[in-house]
Amino acid sequence: MSNPWRMPLMGVAFLALTFGVGATGFLGNSQPVVAQQARATFPDVPPDYWARPFIQSLAEKGIVTGYPDGTFRPRQAVDRDEFSAMIRQAFERARIRNIPSGSYFNDVPQGYWAETPIQEAYETGFMNDFPGNEFRPKQPLTKAEALVVLMRGLNMDYNRPVATTNQAAATPASPTPVNQRRTIARNRLAFPLAGTLLMQPLLPVIAKQPPAPAPAKTVPPTTTTTATAPSRISALEFLQSYYQDAERIPQNAVNEVAAATQANIVVNYPDPRVLNPHELLSRGSATALIHQALVNQGQIEPLPDQEAARYIPNSPRR
């Protein structure tokens, strides 16, 4: 006689194996799920929530995930360890230094759920400055600190303006798709379900004949724009032209916040002219900043949502 409990038990065993392999360091209900299929909606992110378009966009791509109970907790403050994990999911950057593991830091134990993201955040230059060799993984980030992390890791500087096009998004320069490389990197923590959602098919390269020489008058200058020339005004003066509270920005973050502003990475809710640099970064705000950084890097398309664009201070669609 067949055992009526056989299939359910096999299903439970499979789920246990999946989460045991994919959610390294998973601690009860306190950490985000890293081994689940990406979902585009969450019950605690209502349709009118300001960051919903950013969250939905990155959730569909498997870059941000929710919690075991299915929630996203968009208003919850983001600690340094969780922000490191979000960065690891979003960006693939070359290492500029090496450490044996995240437990290299005195306050990161071996086997900690974010040990590998912490290691990579440090090795790729996103996270710096560790007095006493402590990473402070459970310390919340302010908005200004998060912008400094992003700008340093992406090697963006206010004094090096970057030309931008009026196209929806530029094509990444690397011949290897960014999402494919990110999936390979994440597999060191074994993401059995979400990883496959990030794979992008390779488009065949079709050989073309060299184009005919262009006439003397080529592309109109309106198709390419350059951010405000930093040589004309200081970073603080630039920020004062955008934010009513520019004077509250920490001195050691002025350059990075200015770089993020001119690159359309800053997102301010509810008032785009108020930065609130000292407010604790929420998961909703963190997702919005990472989304805009990915747009700037040409890895994803800008949001078509006009309502969401109004919170980007330097957005041409405001």
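Every chain begins its residue count from 1, and numbering advances along the sequence as written. With pLDDT at 70 or above as the cut-off, local features in this predicted model cover only qualifying residues; side-chain atom pairs require 80 or more to be listed or tallied, and sums for whole chains, interfaces and linings still use all residues. For side-chain calculations, the full set of non-hydrogen atoms in the structure is used, while hydrogens and water are omitted.

1. Re the overall build of the protein chain
Convention followed: A run of H or I in DSSP counts as a helix once it spans at least four residues, and a run of E counts as a strand once it spans at least two, with each numbered from the N terminus. Per-residue accessibility, obtained with a 1.4 Å probe over protein chains only, is compared with the maximum for each type, and a residue is labelled buried under 20%, exposed over 50%, and partly exposed between these values. The contact criterion used throughout is that any non-hydrogen atoms of two residues lie within 4.5 Å. The Shrake-Rupley method, run with a 1.4 Å probe sphere, supplies the accessible areas, and residue values consider only the shown protein chains as cover.
Regarding its fold elements, the protein chain presents 10 helices and two strands. Secondary structure elements of the protein chain occur, N-terminal to C-terminal, as α-α-α-α-α-β-α-β-α-α-α-α. For the protein chain, buried positions account for 46% of its 318 residues. Put simply, of all contacts in the protein chain between residues at least 6 apart along the chain, 75% involve residues at least 24 apart. As displayed, the protein chain offers around 16,700 Å² of accessible surface, 56% of which is attributable to carbon and sulfur atoms.

2. Topic: the nonpolar core
Short version of the rule: To form a nonpolar core, buried Ala, Val, Leu, Ile, Met, Phe, Trp, Tyr and Cys residues must be joined to one another through side-chain atoms within 4.5 Å.
Judged by nonpolar contacts, the single largest core of 74 residues is most densely connected at F83, F91, L239 and I290. Those elements that place two or more of their residues in this core are α2 (52–60), α3 (80–90), α4 (115–123), α5 (143–153), α7 (235–240), α8 (254–262) and α9 (283–296). When neighbours within four sequence positions are excluded, L239 is seen to be in contact with A246, I249, V254, V257, A258 and T261.

3. Focus: unusual backbone geometry
Excluding glycine, most residues fall at negative phi; most peptide bonds, likewise, are trans. In this structure, the amide linkage connecting Y269 to the following residue, P270, adopts the cis form with an omega of 5°. As for its position among the elements, P270 is in the loop between α8 and α9. One non-glycine residue, N155, lies in the positive phi region at around 55°. Checked against the element boundaries, N155 lands in the loop between α5 and β1 (163–165). A positive phi angle, close to 55°, is found at N276, a residue other than glycine. Its relative accessible area of 25% is what places N276 among the partly exposed residues.

4. Side note on α5
The element α5 is largely enclosed, with a buried count of nine among its 11 residues. If you follow the buried residues of α5, they end up packed against α3, α8 and α9.

5. Remarks on the pattern of salt bridges
The following threshold applies: Any carboxyl oxygen of Asp or Glu within 4 Å of a side-chain nitrogen of Lys or Arg constitutes a salt bridge here.
Enumeration according to the criterion identifies nine salt bridges in this entry. Put simply, K138 and D79 hold a salt bridge, and the shortest N to O gap is 3.3 Å. Of this pair, K138 sits in the loop between α4 and α5 while D79 sits in the loop between α2 and α3; the two residues are 59 residues apart in sequence, bridging distant segments of the chain. Residues participating in the shared-partner salt-bridge network are D79, D81 and K138.

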